[in-house]
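Spelled out from the first residue to the last, the chains are:
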Amino acid sequence: MTSLPAFRTLLVVSTLLAAGSLRAAEEPSKVVDKFLSRYCLECHDADVHKGDRSFDQFKLPLKSLPAVIEARDIIDQLTLREMPPKKAEQPGDEERLAVIRALRDGTAAAQATLQSTGSRTVLRRLSNREYENTLATLFGRRIDTLGLTADFPKEKTVRHLDTIGQSLVTSGFLVDQYFQSANRLVETRLGKPSTPPQTWRFNKNFIQYEELTGSHKSAFNFRYLNIYEQPNTDTRQGGYGHIEDFRQGVPVSGLYDIEVEATALHRDTHYDPVIFGIDLSEPFILGVVPGDITKGHIHYPQAIEPLLASGVVPDNVPTRLKFRVWLEAGQTPRFIFPNGPYESRASVVTINKRYPKEFSTPVGSSGVGRAHILREGKLPHIRISEIVVQGPVSEPVGSAEEIAVFGKDGFQADRALDQLLAFAAKAYRRPLQDADRESIRKMHAKRIAEKASPRQAALDVVKLILCSPSFLYLSEVTQEADRRLQPYDLATRLAFALSAAPPDETLSASAASGKLTGDDELKKQIDRLLADERVNGFVNGFLDSWLSLRELGGMPPPREVNRAYYAEDLPTSMKTEARLFFRDMLKENRPVNQFLHADYTFVDKKLAQLYDLPEQKTLRLADGFRKVSLKGDKPRGGLLGMAAVLTVSANGVETSPVTRGAWVSENILGIKPPPPPDVVPAIEPDVSGTTTIRERLAKHSTDRACAECHRKIDPLGFSLESFDPVGRWRITYPKPKKGAAPKIDTTGEFASGETYQDFAGFRDILHDKREEMFTRHLIRSLLAYSTGRLMEPADEFAVDRIHDKVKQQGLGLRSLVVECLTSDVFRSR
């Protein structure tokens, strides 16, 4: 039999019990022996062992963990009716149920006698996102403007999880990066010189991208800074507006007040709106991002450009917008047009081609000139006429970083060691040990002896602390002989699980009191953290792992056929929908089967348009996301109707039942499909578009080496062909150059025999008959994410207990999270 992860949903138990159709009790070992002899041994004995499975030595009672795993696999296959195969003799429902019950009782009995394998979490370092979150928490200010992990090695994942200890290795290169990041952070934020506020005013010499130079000089002699397009375009002509006379940036890191006189022009243009690819009914938005001339072309996207501030620009009337932003030393503010036209160059070419008679001067042979359009035309854009920068703004009670590291009174030379020890305790997330104190004292004394100033000596010790394994690793002070985590280790694990950041003061105090290891106190802290806004760290990180949303955008669709994906930044909206839905499920403790089928979701205007919902007519961008009803809407509802899932499970260019089916198998049902054998030929592409992927799959699956896996994977993806590569509903494939567009066949049959006609029918089968399988996979995923290790066969007993407890409570998501985080698995090393 083919192995499946353990789950034991009895689809027919309640019906058969109610009907009184069970036979008189028979000794369980004989029930199993007779069943295997009649239905299984012909293909799975010592001589044949199809699928590398042999049952001739399988007996009750179960005396080893491999035997328990074997029993669970048999239960899985019989429950889903995938074995015996359809062409073989089939047992009756009574026989099938009797052997399933005997095996279930056998695994339960084995639980009392078999010991755990001693599974434990490998000592692991902080992931890159946890590292940045921890520093931001420690220093009391955003640090994404520094890009501290921009040059770190790409994070490795295991089963899409970025918290698994075995993958979070530390190379010599990464160690060097830690030193550089600590030095940059400390010197930039705490070692900066005292700098009085200054004022810079700019209202001329707004030179921009080279191709705009001639037009701007001719039209207004660089008097204005014009933003023509959104930042994410191919040609990049007018997506970023920098200050030419302020390329050197600000002198020191700090808060700066920026005042911008800006005007939204020609939102009421008479040009065909299709030219611009945006919704001109929406007001224009001006954003501020940092730029650094040492980090690449100032007109192009840069690796470090978080959105610092944004505001709506009124139409036609110059208006002064005010922003307070954080800039690092050497950074200069750049201005962007987040909801601007899709591509400025293409827009100008089209206007020159379609409206040449509207201008008093020739448009020119190149077609890219825009001086005449700026003088006489109606090209939508944002015009900036003056920029005033003031700062650094003084912080009356001291900078956030100063207070975070040295306390409310700031650095005190005569108390430096005490201040540093207090900061180290926060950084290490536990009380200091003698070795910690000695290391800090030695480093401080060494720098003082080397004639460093008292403050510089202290700053160098802060760097040492930030490079210590006690900071970089989720180190344990729990004794080796103790399996249960002690309070400080438990607090750290809980905090990083539910916020991807270190423990806050309340959780640390609970650990210090020793109460945290008690059941009531632990649950109290879990409930508190789940209600805190920092839970977004958990929601975002877990969904990136469980649903592979981290990979969204990794294989984007072609720009020419999916302009909205880029023009409207759909990936951000897609992720936000999934996150808001998960948070609502968590807050309201909704049953986890609503992940498979729900009658509501959360959309903004952009997603409402993508989903063709009625709300697209009433929502505005300023409304953000709204909860909307999906009652009667068959294409949506649940994870599989969300664009984020449908996009990440496609390859960007086209869809495939194999790709999406494999995603559903692994991410929803917890069954990782095996890789195709090397001897199996690839599915032949059809560049003409005259055959469907299903027709090509049928040909491909005539190969017996392919058919066995495809009969299980493909039915999980056939109905999802109703969605294009970005999750838009469709009933036909793209029209080929010749002939009609092929109609999509959404029918399918599970390997277990259930059939469906469309996506709604497929979703109903998952919801009605794969709920337990889904729930158990969700439990395993959450346990793995929160503990930092993959679940092993011995952990299935714990999964059983958690599932049974959650089921008694209505299968609510919040209940599931609480039971996972109060389980022995989570509380153990």
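Residues numbered from 1 in each chain as written. Predicted model: local features only at pLDDT ≥ 70, side-chain atom pairs only at ≥ 80, totals over all residues. Heavy atoms only, no water.

**Brief notes about the sheet that holds strand 5 (residues 284–291)**
So, step 1. Spatially, 3-8-5-6 is the arrangement adopted by the four strands of the open sheet, whose pairing is antiparallel. In the strand order of this sheet, the two ends are held by strand 3 (240–241) and strand 6 (309–313), each with one partner.
So, step 2. With five bridges joining them, strand 5 and strand 6 adopt antiparallel strand pairing. Directly across from Gly-287, in strand 6, lies its bridge partner Ser-310. (Pairing = 2+ DSSP bridges. Helix = DSSP H or I, 4+ residues; strand = E, 2+ residues; numbered from the N terminus.)

**Digging into the pattern of salt bridges**
So, step 1. Inspection of the entire model under this criterion finds 51 salt bridges.
So, step 2. In this structure, Asp-234 engages Arg-559 in a salt bridge whose closest nitrogen and oxygen atoms are separated by 2.9 Å. Pair noted here: Asp-234 is in the loop between strand 2 (225–227) and strand 3 and Arg-559 is in the loop between helix 18 (536–546) and helix 19 (563–567), with a separation of 325 residues, a long-range link.
So, step 3. For Arg-559, a relative accessible area of 15% translates into the label buried.
So, step 4. Across the salt bridge formed by Arg-776 and Glu-772, the nearest N and O atoms sit 3.0 Å from each other. Taken together, the positions of Arg-776 and Glu-772, both in helix 27 (residues 771–787) and four residues apart, correspond to about one turn of that helix.
So, step 5. Under the relative-accessibility criterion, Arg-776 is labelled buried at 2%.
So, step 6. You can call Glu-772 buried: its relative accessible area is 11%. (Salt bridge = Lys/Arg side-chain N within 4 Å of Asp/Glu carboxyl O. Buried < 20%, exposed > 50% of the residue type's maximum accessible area, 1.4 Å probe, protein only.)

**Structural notes on the pairing of strand 10 (residues 600–603)**
So, step 1. Taking every second residue as pointing to the same face, both faces of strand 10 are buried, with Tyr-600 and Phe-602 on one and Thr-601 and Val-603 on the other.
So, step 2. Examined bridge by bridge, strand 10 and strand 11 (residues 626–629) share four bridges and lie antiparallel to one another. Within strand 11, the position partnered with Phe-602 by the bridge is Lys-627.

**Focus: helix 27**
So, step 1. With 17 residues, helix 27 ought to run about 24 Å at 1.5 Å a step, and its terminal C-alpha atoms sit 24 Å apart, in line with that.
So, step 2. Burial within helix 27 is extensive, with 16 of its 17 residues counted as buried.
So, step 3. Two residues or fewer past helix 27, Gly-788 is found with a positive phi of approximately 85°. (Expected span 1.5 Å × (residues − 1).)

**Focus: the confidence of the model for the chain**
So, step 1. For the chain, the mean per-residue pLDDT works out to 89, and 91% of the residues sit at or above 70.
So, step 2. Overall, residues 1–24 carries pLDDT values under 50, and its contacts beyond four positions in sequence, including any with other chains, amount to 62 contacts. (pLDDT = per-residue confidence, 0-100. Contact = heavy atoms within 4.5 Å.)

**Digging into the nonpolar core**
Nonpolar side chains in soluble globular proteins tend to be buried together.
So, step 1. Counting 98 residues, the largest nonpolar core has Phe-538, Trp-546, Met-574, Phe-582, Phe-595 and Leu-640 as the members making the most contacts within it.
So, step 2. Filtering out sequence-adjacent residues up to four positions away, Leu-640 remains in contact with Val-645, Leu-646, Trp-663, Val-664, Ile-668, Leu-720, Phe-723, Phe-759, Phe-762 and Leu-766.
So, step 3. Phe-202, Val-250, Tyr-256 and Tyr-271 belong to the second largest nonpolar core, which has 47 residues in total. (Core = buried A, V, L, I, M, F, W, Y, C linked by side-chain atoms within 4.5 Å.)

**Points about helix 29 (residues 813–821)**
So, step 1. Counting buried residues along helix 29, eight of its nine residues qualify, which places the element largely inside the surrounding structure.
So, step 2. All of the buried residues along helix 29 are Leu-813, Ser-815, Leu-816, Val-817, Val-818, Glu-819, Cys-820 and Leu-821.
So, step 3. Turning to helix 29, the residues buried within the fold contact helix 15 (487–499), helix 17 (519–530), helix 20 (570–588), helix 27, helix 28 (796–808) and helix 30 (824–827).

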